[in-house]
Amino acid sequence: MLSKNFNCSALFAAPIPKIIISVSVLLLSFVWTFVAYEIIRDKEETERQSTEQLSSLTHVFEEHILRTVSGIDSSVLYLREAYENRRDTFIEQVKKVENSIFRGVVVQIAIIAESGRLLYSNINSTPAPVDLSDREHFRIHKENPNKDDIFISKPVMGRVSG
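1. Considering the nonpolar core
Leu 79, Ala 82, Phe 90, Val 94, Val 97, Ile 109, Ile 111 and Tyr 120 together form the largest nonpolar core, which totals 8 residues. Contributions of two or more residues to this core are made by helix 2 (18-85) and helix 3 (90-98). Among the elements that line this core, the one with the most residues is helix 3, at 3 residues. Those residues in contact with Val 94, other than ones at most four positions away along the chain, are Leu 79, Ile 109, Tyr 120 and Asn 122.

2. Focus: helix 3
Of the positions making up helix 3, those classed as buried are Phe 90, Gln 93, Val 94 and Val 97. Along helix 3, the residues classed as buried sweep out an arc of 105 degrees about the axis, all on the same side. Against the buried residues of helix 3 lie helix 2, strand 1 (110-112) and strand 2 (118-121).

3. Looking at the packing of aromatic side chains
According to the stated counting rule, one finds 2 aromatic pairs in the structure shown. Plain terms: the ring middles of Tyr 83 and Phe 90 are 5.2 Å apart, the flat faces sit at 75 degrees to each other, and that makes the pair edge-to-face. A centroid spacing of 5.4 Å and a plane angle of 80 degrees characterise the contact between Phe 90 and Tyr 120, whose relative ring orientation is edge-to-face. Of this pair, Phe 90 sits in helix 3 while Tyr 120 sits in strand 2, and the two are 30 residues apart along the sequence. Judged by its relative accessible area of 12%, Tyr 120 falls in the buried class. Each residue in the set Tyr 83, Phe 90 and Tyr 120 is aromatic and connected to the rest through ring pairs, giving one cluster. The cationic tip of Arg 87 hangs over the ring face of Tyr 83; the distance from NZ or CZ to the ring centre is 4.1 Å.

About the criteria used
Residues numbered from 1 in each chain as written. Predicted model: local features only at pLDDT ≥ 70, side-chain atom pairs only at ≥ 80, totals over all residues. Heavy atoms only, no water. Core = buried A, V, L, I, M, F, W, Y, C linked by side-chain atoms within 4.5 Å. Buried < 20%, exposed > 50% of the residue type's maximum accessible area, 1.4 Å probe, protein only. Helix = DSSP H or I, 4+ residues; strand = E, 2+ residues; numbered from the N terminus. Contact = heavy atoms within 4.5 Å. Arc of directions from axis to C-beta. Phe/Tyr/Trp six-rings, centres within 6.5 Å; stacked < 30°, edge-to-face > 60°. Lys NZ or Arg CZ within 6 Å of the ring centre and 35° of its normal.

Next comes the structure, spelled out in structure tokens:
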């Protein structure tokens, strides 16, 4: 408890030596400089870690895509061979591919004639006549008959698959 004779205004009215003010300002400057340095260092470390994690995820995603496309390519080659040499069991071969490890990846398996007319689709076993000769994924093979590579076109709205 403060005595009745204590004067608070006298405490603040007394001059504060300049050295105390100078040391206080200097200490505050050091503290804020250190805080700013730590914030910048923390930000740089966070960015470095994020870059490393993103690089790792990118590599994993790339590997996944390469394996998926390679698996689809193998399936396509298998189905082409089945269509050319074992048409009587082709639909069973399609079902094997659909139920293989690529379940959910391959949406539609189709056979298109050289004219561009759809011959077979696993989505619709009796498709109405559909002309696909204008589609990029057909034209690329039609225009390059000696090139036997998988081609991934831009996404399109399917005429059979919807």
